[in-house]
Amino acid sequence: MTILITGAGSGIGQGLAHRLSRPYQTLFLGDLHSDSLNLTQAQCSSLGAVVHTRCIDVRDRAEMAEWISESARSRLEMVFVCAGLTGGLPPSHGHPSVMEREEHARAIFETNLTGALNTLFPAIEQMRQQKPDKNGHRGRICVMSSVASFVSYPGTPSYSASKAAIDRFVVASAPSLEKQGISLTSVCCGFVKTPMVRANRFPMPGLVSTEEAVRRILRGTLRGQRRIMFPFWLGLGARLTDLLPPRLAERYYCRQPSAQPGGMPDY
Ligand SMILES: NC(=O)c1ccc[n+]([C@@H]2O[C@H](COP(=O)([O-])OP(=O)(O)OC[C@H]3O[C@@H](n4cnc5c(N)ncnc54)[C@H](OP(=O)(O)O)[C@@H]3O)[C@@H](O)[C@H]2O)c1
């Protein structure tokens, strides 16, 4: 049985790969860069897993389809869609107003949304061809969204929008796929201590360790939850704030350090 993980060279993807490593477990691990991927491979192999790595860009639809089909030569049990890109407003350099650069916004959509679809569709296709197990399961797919998906956040317009789109797609597709034995889970988590947030220059309320995030993600995925949300209070607060009229919500959002130009890494 095989588990496939994108973004496995870092952070949550790497943490999941470690946690799922055991003797004879086959792992297909993908990421953009070989250095980080090789490190994950060494750590997982030392725990007895059979590891296949591939430097792959999730934005490449044909290559993703080919890689996922190769991984499904033995039963494709679980897929974790962890590759992702973040970023916010560029530094203002004294200009009165700034907005996200087009190149930045497009890269975020192409990775977080199109890249996730490039993983999801071939994985679903492979799982459909697999026989259901004794519990009727053909496979499980878990996709990283974010608590940011709940808010129209002025500091991260394309990140929030890309995560909202993938969360909606996953949760809305889940009922029909469940009837076919495939469970879909979306993860709307707050801040997780990974390289992605290392450069953030603002307080991160509710920050959890990668180990804690991995524990919650695995538990929810194995339970077949439609959406995993943590910390609960942060998710609930985000949802309630976004119920306010946009101009009222903006008054709060625009005061936050994370909404300031240059507050987050610029792509
Ligand atoms: N950390 C958080 O607070 C947090 C919160 C909510 C949701 N999430 C989401 O959780 C997922 C994992 O995040 P993380 O914190 O583990 O981030 P991370 O440590 O930056 O890991 C993300 C990985 O994705 C890879 N990647 C980026 N673009 C790619 C592409 N086009 N093709 C293939 N791989 C690509 C990155 O490669 P390189 O580094 O080599 O470029 C990196 O190894 C992301 O989708 C993120 O948006 C994170």
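You'll find the structure just up there.
First, a word on scope: everything that follows refers to the structure included in this document. (Residues numbered from 1 in each chain as written. Predicted model: local features only at pLDDT ≥ 70, side-chain atom pairs only at ≥ 80, totals over all residues. Heavy atoms only, no water.)

**Structural notes on the site of the ligand**
Part 1 of the reasoning: Inspection of the region around the ligand gives 28 residues, with Ser10, Asp31, His33, Tyr159 and Thr194 positioned closest.
Part 2 of the reasoning: Contact distances for the ligand include 2.6 Å between an oxygen atom and a side-chain N or O atom of Asp31.
Part 3 of the reasoning: Contact between the ligand and Val58: a nitrogen atom at 3.0 Å from a main-chain N or O atom of the residue.
Part 4 of the reasoning: When the ligand sits alone it has 880 Å² of accessible area, and the protein chains cover 90% of it.
Part 5 of the reasoning: Counting residues per element, the ones that place at least two in the shell around the ligand are α1 (11-20) and α5 (157-178).
Part 6 of the reasoning: Broken down by class, the residue content of the shell around the ligand amounts to 14 nonpolar, 10 polar and four charged. (Near = heavy atom within 4 Å. Polar contact = N/O pair within 3.5 Å; in protein donor to acceptor, adjacent residues only side chain to side chain. Areas by Shrake-Rupley, 256 points an atom, 1.4 Å probe, with all protein chains shown as cover. Helix = DSSP H or I, 4+ residues; strand = E, 2+ residues; numbered from the N terminus. Nonpolar A, V, L, I, M, F, W, Y, C, P; charged D, E, K, R; others polar.)

**So, the pairing of strand β2 (residues 26-31)**
Part 1 of the reasoning: In terms of burial, β2 is a largely internal element, six of the six residues being buried.
Part 2 of the reasoning: Burial along β2 is two-sided: Thr26, Phe28 and Gly30 facing one way and Leu27, Leu29 and Asp31 facing the other are all buried.
Part 3 of the reasoning: Across six bridges, β2 lies against strand β3 (residues 50-55) in parallel orientation. From the neighbouring strand, Thr26 faces β3, where its bridge partner is Val50.
Part 4 of the reasoning: Handedness of the β-α-β unit built from β2, helix α2 (residues 34-46) and β3 comes out right-handed. (Buried < 20%, exposed > 50% of the residue type's maximum accessible area, 1.4 Å probe, protein only. Pairing = 2+ DSSP bridges. Right-handed = clockwise from strand over helix to strand, strands pointing away.)

Everything listed here is a matter of coordinates, which is why it stays silent on function.
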